[in-house]
Amino acid sequence: KNQVEQSPQSLIILEGKNCTLQCNYTVSPFSNLRWYKQDTGRGPVSLTIMTFSENTKSNGRYTATLDADTKQSSLHITASQLSDSASYICVVSRYILTGGGNKLTFGTGTQLKVEL
Amino acid sequence: NAGVTQTPKFRVLKTGQSMTLLCAQDMNHEYMYWYRQDPGMGLRLIHYSVGEGTTAKGEVPDGYNVSRLKKQNFLLGLESAAPSQTSVYFCASSYLGHEQYFGPGTRLTVT
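Residues numbered from 1 in each chain as written. Chains lettered and ligands numbered in written order. Predicted model: local features only at pLDDT ≥ 70, side-chain atom pairs only at ≥ 80, totals over all residues. Heavy atoms only, no water.

Draft legend 1. Region of the structure containing the overall build of chain A. Summing up its helical and strand segments, chain A has 0 helices and 11 strands in all. Start at the N end of chain A and walk to the C end: the helices and strands fall as β-β-β-β-β-β-β-β-β-β-β. For chain A, the C-alpha radius of gyration of 14 Å lies close to 13 Å, the compact-globule estimate for 116 residues. Its C-alpha atoms give chain A principal-axis dimensions of roughly 50 × 30 × 20 Å. Burial statistics for chain A: of 116 residues in total, 43% are counted as buried. Taking contacts inside chain A between residues at least 6 apart in sequence as the whole, the part at least 24 apart equals 56%. Taken together, the 11 basic and 8 acidic charged side chains of chain A have centroids lying 7 Å from each other. (Helix = DSSP H or I, 4+ residues; strand = E, 2+ residues; numbered from the N terminus. Rg over C-alpha atoms; globule rule 2.2 N^0.38 Å. Buried < 20%, exposed > 50% of the residue type's maximum accessible area, 1.4 Å probe, protein only. Contact = heavy atoms within 4.5 Å. Lys, Arg positive; Asp, Glu negative; His and termini not counted. Charge placed at Lys NZ, Arg CZ, Asp CG, Glu CD.)

Draft legend 2. Local environment of the pattern of salt bridges. In this structure the tally under the stated criterion is 7 salt bridges over all chains. The shortest N-O distance in the salt bridge between R61 of chain A and D84 of chain A comes to 2.8 Å. On the criterion of sequence distance, the pair formed by R61 of chain A in the loop between strand 6 (56–59) and strand 7 (62–67) and D84 of chain A in the loop between strand 8 (72–77) and strand 9 (86–95) is long-range, its members being 23 residues apart. The exposure class assigned to D84 of chain A is buried, which follows from its relative accessible area of 1%. A salt bridge links K71 of chain B to E30 of chain B; the nearest nitrogen and oxygen atoms lie 3.0 Å apart. You can see K71 of chain B sitting in the loop between strand 7 (65–67) and strand 8 (73–78) and its partner E30 of chain B sitting in the loop between strand 3 (19–25) and strand 4 (31–37), a full 41 residues away along the chain. When salt bridges that share partners are traced, they join R36, D38 and R44 of chain B into one network. (Salt bridge = Lys/Arg side-chain N within 4 Å of Asp/Glu carboxyl O.)

Draft legend 3. Expanded view of the sheet that holds strand 3 (residues 19–25) of chain A. Residues and elements named next belong to chain A. Here we have 5 strands laid out as an open sheet, ordered 1-3-8-7-6, and antiparallel in their pairing. The sheet is open, and its two edges are formed by strand 1 (4–7) and strand 6, each paired on a single side. Sheet twist, expressed as the mean angle between neighbouring strand axes with direction ignored, is 15°. The pairing of strand 6 with strand 7 spans 4 bridges and is antiparallel. Directly across from S58, in strand 7, lies its bridge partner T63. (Pairing = 2+ DSSP bridges. Axes fitted to C-alpha atoms, helices over the stretch in contact; angles between N-to-C directions.)

Draft legend 4. Broad picture of the interface of chain B and chain A. Contact residues are listed per partner, giving 14 residues for chain B and 15 residues for chain A. Where chain B abuts chain A, roughly 1,100 Å² becomes buried across the two surfaces, and 58% of that area is made up of carbon and sulfur atoms. Three residues, L43, E99 and F102 of chain B, lead the burial of chain B against chain A; their summed loss comes to 37% of the area buried on that side. Here chain B is connected to chain A by 0 salt bridges. Among the elements of the structure, strand 4 and strand 10 (100–102) of chain B are those that each provide at least two residues to the side of chain B that touches chain A. Grouping the amino acids of the side of chain B that touches chain A by side-chain chemistry returns 6 nonpolar, 7 polar and 1 charged. (Buried area = accessible area lost by both parts, 1.4 Å probe. Nonpolar A, V, L, I, M, F, W, Y, C, P; charged D, E, K, R; others polar.)

Draft legend 5. Representation of the sheet that holds strand 7 of chain B in the model. All names here are of chain B. Spatially, the 4 strands line up as an open sheet ordered 1-3-8-7, and their pairing is antiparallel. The open sheet is flanked by strand 1 (4–7) and strand 7, the only strands paired with a single partner. The sheet shows a mean angle of 20° between the axes of neighbouring strands, direction not considered. As judged from the 6 bridges shared by strand 3 and strand 8, these two strands associate in the antiparallel manner. Across the sheet, L21 pairs through a bridge with L76, a residue of strand 8.

Draft legend 6. Here's a closer look at the side chain of Q25 of chain B. Residue and element names in this part refer to chain B. Among the structural elements, Q25 can be located in strand 3. One polar contact links the side chain of Q25 to the main-chain amide nitrogen of M27, over a distance of 3.0 Å. At 3.3 Å, the side chain of Q25 and the backbone oxygen of K71 are in polar contact. Not counting chain neighbours up to four residues away, the residues in contact with Q25 comprise G3, V4, M32, R68, K71, Q72 and S93. (Polar contact = N/O pair within 3.5 Å; in protein donor to acceptor, adjacent residues only side chain to side chain.)

Draft legend 7. View of the packing of aromatic side chains. According to the stated counting rule, one finds 9 aromatic pairs over all chains in the structure shown. Pairing Y36 of chain A with F102 of chain B gives two aromatic rings, centres 5.6 Å apart and planes at 90°, and the pair type is edge-to-face. Of the two residues, Y36 of chain A sits in strand 4 (residues 30–38) while F102 of chain B sits in strand 10, which places them in two different chains. Comparing Y36 of chain A with F102 of chain B, the two get one shared label, buried. Seen in terms of ring centroids, Y33 of chain B and Y35 of chain B are 6.2 Å apart; in terms of plane orientation they differ by 25°. Their pairing is stacked. In this arrangement the basic side chain of R61 of chain A is found over the ring face of Y62 of chain A, its NZ or CZ atom lying 5.7 Å from the centre. (Phe/Tyr/Trp six-rings, centres within 6.5 Å; stacked < 30°, edge-to-face > 60°. Lys NZ or Arg CZ within 6 Å of the ring centre and 35° of its normal.)

Right, here's the structure in full:
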């Protein structure tokens, strides 16, 4: 079964600290892995997209890693800010063998709260 | 450039009523999608479209219909709303199968 599991479910950190969010997936055949940030009451916004051959990708203070062998990804946030408070969603895309195209499987997200 | 917009932002329906959610994008994207987001669950695909005049079922299509009469618009219809359709609905668009851009969402409550 194609699944994406994220941990922890929620996290509280102090402003300025670093944190790492985890994503494990069983989606196959793998196409790419995406991390989205979703602010409360808003739609998800893409942070990074990684293909099979990429094992690290950065976007400012956000760094995503991918280990396609173990089917794990992480999102590291450096020097957190209050504005980082949001839900972070891991999304894995798989190829559709019959008919073509891609299909996305969404994780349930990690709810991050950054406090003073 | 407004990106992806959704109308309305909030709506309350009684069981059995019907309504249409409108999604519009100004990025000339071929692909458009409708998702629902429920507490404790990942976004789930309802229907999608790979071009004007074409639609296809997603993961949870029952109780919903869609139309893509114009490239920039994707409509989601509920013919007879049920409490199980209480959810937040997101529209997204993409250039082919690449990065998806999401709208701000529509919060629907069915009583």
